[in-house]
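Residues per chain are reported as follows:
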Amino acid sequence: DGGITQSPKYLFRKEGQNVTLSCEQNLNHDAMYWYRQDPGQGLRLIYYSQIVNDFQKGDIAEGYSVSREKKESFPLTVTSAQKNPTAFYLCASSAQGPGELFFGEGSRLTVL
Amino acid sequence: AQSVAQPEDQVNVAEGNPLTVKCTYSVSGNPYLFWYVQYPNRGLQFLLKYITGDNLVKGSYGFEAEFNKSQTSFHLKKPSALVSDSALYFCAVRDPNYGGSQGNLIFGKGTKLSVKP
């Protein structure tokens, strides 16, 4: 089935460690996105990529990094510079045009 | 600045009654509007969208929404609520003038819908 796969579903990290969240899609979508979700704050855009080898910062990019070496993959690294990394992270993709985004099932990161 | 407002943090409805989840928006150009639903610890599921055309949009699971340009609103409605509709609902707007070739999605803070038997 076509869709977006995020892994891991749950992740625990010690302070000072970097962690990478995986996002893979087989929808042949050009655009991919990373959002962060915190209770009562909705979704906030971290990074987005319209094409391979290109990406732009969203509203809350500080402390995060991404790469887009393949069309299917858009991994997110949460670095030790992110002050409050505990959150639910959602990856999404979309085709060209003004249509909807398709979301993965999310990754919940907890910093111990 | 682009924004989406969902004025109610929570909406409580009895099963079988009609439900409305409110959404208003502010964008500089013509908006593309979306509704999503989220169940606990899950991703967002797409319900419906307004891009152009008829102001009344029908979507998944019996939901519909009405685009009102003069009131800048896009309220989500369902004629008869089910207990299984209980979830978190997000309104979102895509502004072609903001970010990327088609605009990035800007989300409201979400409305928790609770349907009681």
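These figures come from a predicted structure and were not determined experimentally.

**Comments concerning the packing of aromatic side chains**
Using the criterion set out here, one finds 13 aromatic pairs over all chains in the structure. For the pair Tyr36(B) and Phe46(B), a centre-to-centre distance of 5.9 Å together with 70° between the ring planes defines the contact as edge-to-face. You can see Tyr36(B) sitting in strand S5 (residues 32-38) and its partner Phe46(B) sitting in strand S6 (residues 44-50), a full ten residues away along the chain. Phe46(B) sits in the partly exposed class, given a relative accessible area of 26%. Ring geometry for Tyr36(B) and Phe107(B): centres 6.0 Å apart, planes at 50°, overall tilted. Taken together, the residues Tyr36(B) in strand S5 and Phe107(B) in strand S11 (residues 105-107) connect sequence positions 71 residues apart. On the accessibility criterion, Phe107(B) (9% relative accessible area) is buried. A connected cluster of aromatic rings, assembled from ring pairs, spans Tyr33(A), Tyr35(A), Phe103(A), Tyr36(B), Phe46(B), Phe90(B) and Phe107(B). For Lys78(B), the ring lying beneath its charged end belongs to Phe63(B), and the centroid distance is 5.0 Å.

What counts and what doesn't
Residues numbered from 1 in each chain as written. Chains lettered and ligands numbered in written order. Predicted model: local features only at pLDDT ≥ 70, side-chain atom pairs only at ≥ 80, totals over all residues. Heavy atoms only, no water. Phe/Tyr/Trp six-rings, centres within 6.5 Å; stacked < 30°, edge-to-face > 60°. Helix = DSSP H or I, 4+ residues; strand = E, 2+ residues; numbered from the N terminus. Buried < 20%, exposed > 50% of the residue type's maximum accessible area, 1.4 Å probe, protein only. Lys NZ or Arg CZ within 6 Å of the ring centre and 35° of its normal.

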